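Close look at the chain arrangement
Here's the letter readout for the chains.
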Amino acid sequence: MIIGFRYGTAAVCAAMMLTSGVAFAQSQQVDQDGLRVFKTANCMGCHKWSGIGGGGYGGAAANLRKTTLSLDQIEQTIRCGRLGKGMPHFQEDAYSDGHCYGLKKSQLSATQMPPEPDHPLRPADIKAVAHYVFEKLKGSGDPTFAQCQTFFGTRTRACDVYEDQSSGHVQAAAAERDQASPRQHMKVEAASDANAPR
């Protein structure tokens, strides 16, 4: 009886580990696919690599890090665009039969109709980039050096500004900690960085 229980428990644990491993691999694939689509669909042209938005080709793009939209709403926005705004619709037949906001192209004026994309996206790509925005950008705070390197890779200088900011935050936090601490600390001066702006 105990032996059967042990084998049964081991089988359940193995199945759980296998399932979690598959789920993790699928999650990583969605992240990679979403990042790929974010780049190839030129989402960064308006939303910037970090999703902070601002001025872009279509006007003032939304800050995806501060969005309050749900995953379904983000996906709908990518599929259908934004009425009267610069956000294009990425579904090819978005306004053919009323499945976007219940409207057809014939019901919309030229200023209301979201712009056409350079290249429409497949439904799987729309889902992948929506997941990327929801899981990697929404609520992620200010852009960091690590996030920049994940986006561009490690062989770029584009992220140097974030590394400088990160080290500045670390130095400021250490200075605050030292001032608050009653203990004496030995002060060590670091050599200045020859590449740092003065």
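Residues numbered from 1 in each chain as written. Predicted model: local features only at pLDDT ≥ 70, side-chain atom pairs only at ≥ 80, totals over all residues. Heavy atoms only, no water.

Moving on: the overall build of the protein. Helix and strand counts for the protein come out as 6 helices and 2 strands. For the protein, the sequential pattern of α-helices and β-strands runs α-α-β-β-α-α-α-α. When contacts within the protein are restricted to residue pairs at least 6 apart in sequence, those whose partners lie at least 24 apart make up 53%. With the model as given, the accessible surface of the protein reaches about 13800 Å², and the carbon-plus-sulfur share is 57%. (Helix = DSSP H or I, 4+ residues; strand = E, 2+ residues; numbered from the N terminus. Contact = heavy atoms within 4.5 Å. Areas by Shrake-Rupley, 256 points an atom, 1.4 Å probe, with all protein chains shown as cover.)

Now for the nonpolar core. By size, the foremost hydrophobic cluster in this structure holds 23 residues, and its most contacted members are Phe38, Ile78 and Leu121. In terms of residues, this core owes the most to one element, helix 4 (residues 123–137), which gives 6 residues. Grouped together as the second largest cluster of nonpolar side chains are 6 residues, Ala94, Cys100, Leu108 and Met113 included. (Core = buried A, V, L, I, M, F, W, Y, C linked by side-chain atoms within 4.5 Å. Buried < 20%, exposed > 50% of the residue type's maximum accessible area, 1.4 Å probe, protein only.)

Attention shifts here to the pattern of salt bridges. Tallying each qualifying case throughout the model produces 4 salt bridges. With its nearest N and O atoms 3.0 Å apart, the salt bridge here joins Arg122 to Asp125. Of the residues examined, Arg122 reaches a relative accessible area of 53% and is grouped as exposed. In this structure Asp125 comes out as buried when scored by relative accessible area, which is 10%. Notably, a salt bridge pairs Asp160 with Arg157, separated by 3.1 Å at the nearest N-O pair. Judged by its relative accessible area of 23%, Asp160 falls in the partly exposed class. Note on Arg157: relative accessible area 63%, which makes it exposed. (Salt bridge = Lys/Arg side-chain N within 4 Å of Asp/Glu carboxyl O.)

The next point concerns the environment of Thr68. Here Thr68 shows up in the loop between strand 2 (59–61) and helix 3 (71–80). Residues Thr68 and Phe134 lie 66 residues apart in sequence; the distance between their C-alpha atoms is 9.8 Å. In contact with Thr68, not counting residues within four places along its chain, are Gln73 and Lys138.

Size it by volume and the largest pocket reaches roughly 880 Å³. Per-element tally for the lining of the largest pocket: the top contributor is helix 1 (residues 2–40), with 4 residues. Looking at the lining of the largest pocket residue by residue, the classes come out as 22 nonpolar, 10 polar and 6 charged. (1 Å grid on protein atoms, 1.4 Å probe; cavity = no way out; pocket = protein on both sides within 12 Å on 5 of 7 lines; lining within 4 Å. Points joined across faces, edges and corners; volume = space filled by probe spheres on them. Nonpolar A, V, L, I, M, F, W, Y, C, P; charged D, E, K, R; others polar.)

Let us now look at the state of the cysteines. Throughout the structure, instances matching the rule amount to 2 disulfides. With a sulfur-sulfur separation of 2.0 Å, Cys80 is cross-linked through a disulfide to Cys100. For the disulfide bridge between Cys80 and Cys100, the dihedral angle about the S-S bond is near -75 degrees, and by the sign convention the bridge is left-handed. Of the two residues, Cys80 is situated in helix 3 and Cys100 in the loop between helix 3 and helix 4; the sequence distance between them amounts to 20 residues. Each member of the pair, Cys80 as well as Cys100, carries the same accessibility label: buried. At a sulfur-sulfur separation of 2.1 Å, the disulfide partner of Cys148 is Cys159. (Disulfide = S-S within 2.5 Å.)

This next bit is on the side chain of Ser50. When you line up the elements, Ser50 lands in the loop between helix 2 (44–47) and strand 1 (54–56). Beyond its immediate stretch of four places on either side in the chain, Ser50 contacts Arg65, Leu137 and Pro143.

An ideal rise of 1.5 Å per residue puts 21 Å on 15 residues; helix 4 measures up with 20 Å between its terminal C-alpha atoms. Residues of helix 4 that are buried: Asp125, Ile126, Ala128, Val129, Ala130, Tyr132, Val133 and Leu137. (Expected span 1.5 Å × (residues − 1).)

Negative charge collects at one region of the surface, where Glu92, Asp93, Asp97 and Glu116 lie side by side. Here Glu92 lies in the loop between helix 3 and helix 4. (Patch = residues over 30% accessible without salt bridge, like charges linked within 9 Å, V, L, I, M, F, W, Y side chains within 5 Å. Lys, Arg positive; Asp, Glu negative; His and termini not counted. Charge placed at Lys NZ, Arg CZ, Asp CG, Glu CD.)

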